[in-house]
Each structure stands twice: as structure tokens, then as C-alpha cells.
Amino acid sequence: MHRLSRRCSSVSAILRYGGALRRDVAAPLSSSSFASVSENDTKARWYSVLSSEKFSTIKSTNQPNLKRDLSLGKRYESTAAESAASSPPPAERYEYQAEVSRLMDLIVNSLYSNKEVFLRELISNASDALDKLRFLSVTEPELSNDAVDFVIRIQADKDNGIITITDTGIGMTKQELVDCLGTIAQSGTAKFLKALKDSKDAGGDNNLIGQFGVGFYSAFLVSDRVVVSTKSPRSDKQYVWEGEANASSYTISEETDPEKLIPRGTRLTLYLKRDDKGFAHPERIQKLVKNYSHFVSFPIYTWQEKGYTKEVEVDEDPAEAKKDEHDEKTEKKKKTKTVVERYWDWELTNETHPIWLRNPKEVTKEDYNEFYKNTFSEYLDPLASSHFTTEGEVEFRSILYVPAYAPSGKDDIINPKTKNIRLYVKRVFISDDFDGELFPRYLSFVKGVVDSNDLPLNVSREILQESRIVRIMRKRLVRKAFDMILGISMSENREDYEKFWENFGKHLKLGCIEDRENHKRIAPLLRFFSSQSEEELISLDEYVENMKPDQKDIYYIASDSVNSAKNTPFLERLVEENLEVLFLVDPIDEIAVQNLKSYKEKNFVDISKEDLDLGDKNEENEQEMKQEFSQTCDWIRKRLRDKVSEVQISKRLSSSPCVLVAGKYGWSANMERLMRSQTMGDASSMEFMRSRRVFEINPEHPIIRNLDAACKTNPNNEEALGAIDLLYDAALVSSGFTPDNPAELGGKIYEMMGTFTGKWSTTDQFQSTGSQPHVPETVEAEVVEPTEAGSQK
């Protein structure tokens, strides 16, 4: 027979309504499996002693009955098979007040997407029962005069597939059993809340969880049969409700077995289905409690096997003992070995006061970091955290974190589903699988918890219902997230934000595209390289501060790298005039900036597009240039035909002869390159968007001057026309566009190189390289005719 230690009196209330309080009984374990705990042990426990060599475990008890109620002096026996008991009076059979077969099928197959939430629902019901008792005890103290602690206990029998959940709450009378469990979707919690609202003296503050009435029936997700044994302090009798899955009726009987009586509360016994018996493993029960009900306001104990090591003496080997007898000088030492003693005990599984309910002034940074690491399985401290409470029309508490790094292999910001936001309703975990309801996908890297008391959920509590409350919550969470990121950007340690930008900068750029309402919050957080800062990223605020007094726009150029951007011909005139240009080198940059449109009343201007205004117009000079080169522009336009829409005098060139710019509303060269690389790109739309290109020439360049002369003297010269074609192709490449026919361009270059071949093969060239031996030059002798002396020629 199993014995309890003498110190068990300190936990009499626990055992009086704990794992031993079970309706069904099973065969007794052997007395050798258990031993009493020593007087030095600090808490009562049942345990078995197992050697470290075997490490075998005792079989879990099948809901053992209370063996000894220390306060009432009653004696019970813990067993593992059905014990003999007196036959109870016949049970009364009731019919469900609904089409139960259809509703049960709906519950099992439709309402809940995950079977494991059954434990969350049943624990929530137990918490409600305790909350009701605590509330009613204020006006009716006699309801809780039996000195039983407010606890929830869960015991699992993995061998027989049985789970028992016991609470010391308000319990139910016979009529309440019929009303609450006899009618599907009839919620006792909802009735209680209505009564509180109708009462003039009742306050509005309550923390009751279940309001839908189907939480109890989630037990049939995993159970073939459910037995509810309940005792209300308002009733002298204890009743047993029993129902089976897919049955149209249930039974209610009076509990007459004295060993199964409980002082107060409810005990649920679940007989699991064959395929769901895995839920009855104690470790899995503990894991589910920590995941879903870790912050329920009442202590939850689970029945767990534990062990500790100790040294025990070992019998001496006879051969060694005989050898020691011959050696009198040797001191005899007792030989010991380490063994593991196994025992079963109640273990507190949850935390009743979550960190987000504490006053932020009382929580240290180390506490926040520890909670973050434990909750999200991280090993690095977060970059920032934000703990806040929102009141008013929507009330909720939240702690948000910015991680230190982006997870490797999971940086797909297109996928909005993350596990980063854990939603709680009245401290009960609901879900962490959202599709943008609480956070937009570009902020999916933010991690945290959100706990609300009035969040609208559907009947299964797993899916948010679209409502005004959800939209308000989303706005406030996004606002707090931006405040947190802004705090990092304003930190004295510039490296913190550089680290953030390296990991999550693309997310914010995506926000420029998707979230027009928050452009003012996103824009100050953006960072870019520029023509005056090629090594260090700058913010838009820094750019605006460095702008020239008469500068009206923010200039940018999109390219595939900083090196390409700084060598582009579009930049020549702006660099000369000391105008800073942003380098957009990420594929998403150009689209993000185009969606922003402006910042602090300064428009974003792409310097690779037509009609560039640098603010230094000289209308008279421009007009003269247009008149002087109008004939040349028309000549070039006629030669290039449909390759360009127009030929103009350039305002952006200083050293290059020409450049090819995109139309004001067409794609830039960078955008065209990106669209070409798309797997599902539409060729017809590409042709439309790239059709308008403007050929700009630099009238100060010698090549353009020569072409101007050729136009005016011999416009049909084939060499001059070929030079136009080659000039266009060169501008196409230098401007970032892709030639339509690279082979044709190569042929033109080869042809041009052919004109230099003769020069490289001359005798002088060979002599200069020393590749041929030196041959003395033959000089023809001059014949001098003789003349007479004194004569003049």
C-alpha cells in the first residue's frame, strides 16, 4: 500500500482535491513500487525507487482515488483497474436539446482546426468555474468555507488513454448540469455575465473566458466517452454526467460511492479515442498547458514523474573480500553506487502572473529579454522592446520586440503568415498563425504578445473576425512598432540601426508600397547611399539638411550597384553643381520611392528620365542651342526612326556626347532590366512601357560638333549615318539599357576597329615595339655636277 510522508499535512487541500480525486479506479500497484519519503523532504510525494541501471518507470495510475484525506480523516486507495463498489442507483437518461449528431459533427470536423485545443477549452472552463466562485464568495462567504485551495489539476494515464481534469470551482447542481451540458451551445459563462450586467451592484470588471457554449464539447474531439462528476456548494449531493460521442442522449446520476466524493468543484474524465491516446502522455499534457494556458490566473498542477540520485551501498564481490582479508594493512571501504529514485508528484506548470500584466516600471530590461528568449526560443537579446497598455474603446496589453537578426532561410517577406505574434484572450493563448489581421506583412518580423479581454473571435476562438475593434488594434500595434524602430534609429549607437537596416530594411521598403497611410512614419526610417556618401548610408532627413538653398527636388538614380550608379553619364552635370543624388541599388528601392512621391514637400525626381529640371534655366542660351542644332536633331531623329521618340539638347551632360533617357511615365533602364528578369513578365506591356525613349545630345562635345558639320555639308554621307547608329548603341549601353541585337552592336565595333589595323601593322609600329630586327635605311646618293671656279650657279 502506498504511503504518504508525514509532511503531507501541509498540502492536505491539494490531495483532498487532486490527482487522487478520480471517479474511476484501477488495479493497485505493487507495494514495492512505492516508499515513504524521508522526513527531510520538503514536500509530500509518492515515489518509486528504481536503480540507475534499469531506469524503469512505474506504470501511471488510472486516475487513482484519494487515498487519504488528511483534513477529513478519510482513507482512500490508489488503484489502476476498476475497483469493486456498491451498485449506484439507476441513472436518469436525458435527450439533448438540439440535433446533436449534426452539431457534434460540426464541432469535431469544422469548428476546431487543431485537436489539441480541447485541453485549452476545458482548462478555460475550469478557470471560469474558479472565477465564478471567487466572485460569488464576496457576497456569499459560505460558498468557500471548506478551505479548499483554488487550483486546477490534470492527471494523465498513458497506458489506458485517460485524462482527468479537476478544478475546485463553483461546481454544478443537477439542474445546471441539464441546462449547461444538456443543450449544446448553451453557455453557463454567458448566463453568468448577463446576470452580472443586469445586477446594479455588479462591477464591469470580470475575467471570465468561455462565452460560446461549445468549449466543453471540444472534449469529444479526442474522446469516445466523457464523465463529469460535480459538486456545488449550494447542493448536498454530487452528480455524475456521462455522455458518448455521436449519442443523442446522456445520463445523470447521483454519486453514492464515498470514495469518489469531492468537497467542491468538478472532475472531468476523458476516455480517449484509439487514435488520440497519445494526448494522455504526461509530458504532452504539460507541453499543451504551457503553450495554451500558461498564464491562466489559477495554478495548474500536472502529475509528473520525477527522480533524484543518491548513493547506496553495494554488496562486495567474494573474491575481492577474500583478497582484502590477506592484506591486513589495507583499510576496508564500503563500496557504493549511484541510483535514481523515481517518484510521482504534482508539478506547478503555469505562471499565474504574466509579465505584460505587471507595471512596466517594475520590470527590468533583463526580465523583458528573458521573457523574449523563453517565449520565442531566441538566444540573442532583442534590439528593442515596447511594453504598453491601450485603453479606451479598445483595451489590450502588449509587449513587442524587434529581433536582433532576421532568421536565415526564412526571409521571404512576401509570405504574411508568421509565428511571431502570440494572441491571448484573457491570458488564454488563442493562436500565433495570422494572415495579416494584427500586423501587416511588412512588419512580420516584429515579435510579441497581445492580450485582449474583448477581442471578437469566432466560435472556435481560433480565427479573428474582421471588425472595427480588430482594425483599431492593428493601427495601434503598428504605431507602437514604428515608435520602437524610431527609437533604435535615434540611438547614440549608430551600429544598432545599421544592424536593424541590414536585416529588416527591405521590410520597410515594402511598407512604402503597401501601406500608404503610414508613409510619414516609414520615410524617416529609410536609408540610402548617395553621390556624396558612397560608403555610409544616409537618411532622407540628412539628405534634406544637405540640400542647396535653391534645390527643390530630391534627385535619385536607380542602378544595380553603387559603382554603376556613380559612373552613369546622367550624374555628370549634377556632380559638377554639387547636387547630391541618392543611389537606389536594391531591386525594391525604385518602386518604394515612386510610391512615396515626396518627403517634406520635396518631390523625388529620377535623373534618368526626360524633362530634368536642375533649377538653373538660361532660356536665351537654350533657345539659341535649339535653333543651332535643330537641323542636326531632325537629321538624327530621321536616321534612328522608331528607336527614339525625340532628339533633344541635353541639360545633364558635360563630358559624354549623348545619353538615352526614359520617358517621363515609362520605365527607367533599371526597371526595364528588372521586368525582363521576371518569370511571368508580359512582353506586350514591356514593349508599351519602354516605347518612349528620348535621345539627348551634348552640343559641346566634339563628336556632336562633327556630326553637326556633316549634317550641314553632306547629310547622306554613309560614314556619318553609320556614326549615328554606333552613337545610339553606345548611349544605349552607357545609359543602362540592353541592346536588342548585341551581335549587331559587336559587328559595328569590329568594323570600327578595322580602320586602325593598318596603323598597327606599319614598319614604324614594328620598330617601336622591337619585334623586327633593325635594318639600316638606304639613302640614295646625290649627284653633284662639277662647276668652274668662280662661276655662280
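The structure presented is a predicted model; accordingly, all values stated were derived computationally and were not measured. (Residues numbered from 1 in each chain as written. Predicted model: local features only at pLDDT ≥ 70, side-chain atom pairs only at ≥ 80, totals over all residues. Heavy atoms only, no water.)

A. Expanded view of unusual backbone geometry. Phi is positive for Lys-426, which is not a glycine, with a value near 55°. Positionally, Lys-426 belongs in the loop between β15 (421–425) and β16 (428–431). Accessibility expressed as a relative area gives 5% for Lys-426, which makes it buried. At Asp-611, a residue that is not glycine, the phi angle is positive and equals roughly 60°. Tracing the sequence through the fold places Asp-611 in the loop between β23 (602–606) and α16 (619–640). Judged by relative accessible area, which is 51%, Asp-611 ranks as exposed. (Helix = DSSP H or I, 4+ residues; strand = E, 2+ residues; numbered from the N terminus. Buried < 20%, exposed > 50% of the residue type's maximum accessible area, 1.4 Å probe, protein only.)

B. Structural view of the packing of aromatic side chains. Here the structure, examined in full by the defined rule, presents 28 aromatic pairs. Aromatic side chains Phe-150 and Phe-298 sit 6.4 Å apart centroid to centroid with 20° between the ring planes, which places their arrangement in the stacked category. Taken together, the residues Phe-150 in the loop between α3 (117–136) and β5 (152–157) and Phe-298 in the loop between α6 (282–292) and β11 (300–313) connect sequence positions 148 residues apart. Under the relative-accessibility criterion, Phe-298 is labelled buried at 3%. (Phe/Tyr/Trp six-rings, centres within 6.5 Å; stacked < 30°, edge-to-face > 60°.)

C. Up close: the nonpolar core. Ranked by internal contacts, the top residues of the largest apolar core, which has 74 residues, are Leu-443, Leu-508 and Leu-582. It is helix α9 (residues 468–489) that contributes the most residues to this core, 10 residues altogether. What Leu-582 contacts, discounting residues up to four positions off in sequence, is Phe-528, Phe-529, Ser-530, Ile-538, Leu-540, Tyr-543, Ile-554, Tyr-555, Tyr-556, Ile-557 and Phe-604. In this structure, Ala-126, Leu-270, Ile-355 and Tyr-372 belong to the second largest nonpolar core, which totals 57 residues. (Core = buried A, V, L, I, M, F, W, Y, C linked by side-chain atoms within 4.5 Å. Contact = heavy atoms within 4.5 Å.)

D. Seen up close, a positive patch on the surface. Residues Lys-475, Arg-479, Lys-480 and Arg-521 make up a contiguous surface patch of positive charge. Ranked by residue count, the leading element in the positive patch is α9, at 3 residues. Take Lys-475: it is sitting in helix α9. On the basis of relative accessible area, Lys-475 is assigned to the exposed category, the value being 52%. (Patch = residues over 30% accessible without salt bridge, like charges linked within 9 Å, V, L, I, M, F, W, Y side chains within 5 Å. Areas by Shrake-Rupley, 256 points an atom, 1.4 Å probe, with all protein chains shown as cover. Salt bridge = Lys/Arg side-chain N within 4 Å of Asp/Glu carboxyl O. Lys, Arg positive; Asp, Glu negative; His and termini not counted. Charge placed at Lys NZ, Arg CZ, Asp CG, Glu CD.)

E. Representation of the sheet that holds strand β21 (residues 581–584). A sheet is described by the order of its strands in space; here 6 strands give the open sequence β19-β18-β21-β20-β23-β22, paired in mixed fashion. Two strands lie at the open edges of the sheet, namely β19 (533–539) and β22 (598–599), each paired on one side alone. When strand β20 (residues 553–558) meets β21, the two strands line up parallel, connected through 4 bridges. Bridge pairing links Tyr-556 to Leu-582 in β21. (Pairing = 2+ DSSP bridges.)

F. Layout of the packing of α16 against helix α20 (residues 718–734). Taken N-terminus to C-terminus, the directions of α16 and α20 make an angle of 75°; their axes are 10 Å apart at the nearest point. Classified by the angle between their axes, α16 and α20 sit roughly perpendicular to one another. Packed against α16, whose contacting residues are Trp-635, Ile-636, Arg-639 and Leu-640, the element α20 presents Ala-720, Leu-721, Ile-724, Asp-725 and Tyr-728 at the interface. When grouped by side-chain class, the residues that make up the contact of α16 with α20 number 7 nonpolar, no polar and 2 charged. (Axes fitted to C-alpha atoms, helices over the stretch in contact; angles between N-to-C directions. Parallel < 35°, antiparallel > 145°, perpendicular 65-115°, else oblique. Nonpolar A, V, L, I, M, F, W, Y, C, P; charged D, E, K, R; others polar.)

G. Highlighting the environment of Ile-538. Mapped onto the secondary structure, Ile-538 falls in strand β19. The spacing of Ile-538 and Arg-527 is 11 residues in sequence and 5.3 Å in space, taken between C-alpha atoms. Contacts of Ile-538, omitting those with residues within four sequence positions, involve Leu-526, Arg-527, Phe-528, Ser-530, Ser-533, Tyr-543, Glu-580 and Leu-582.

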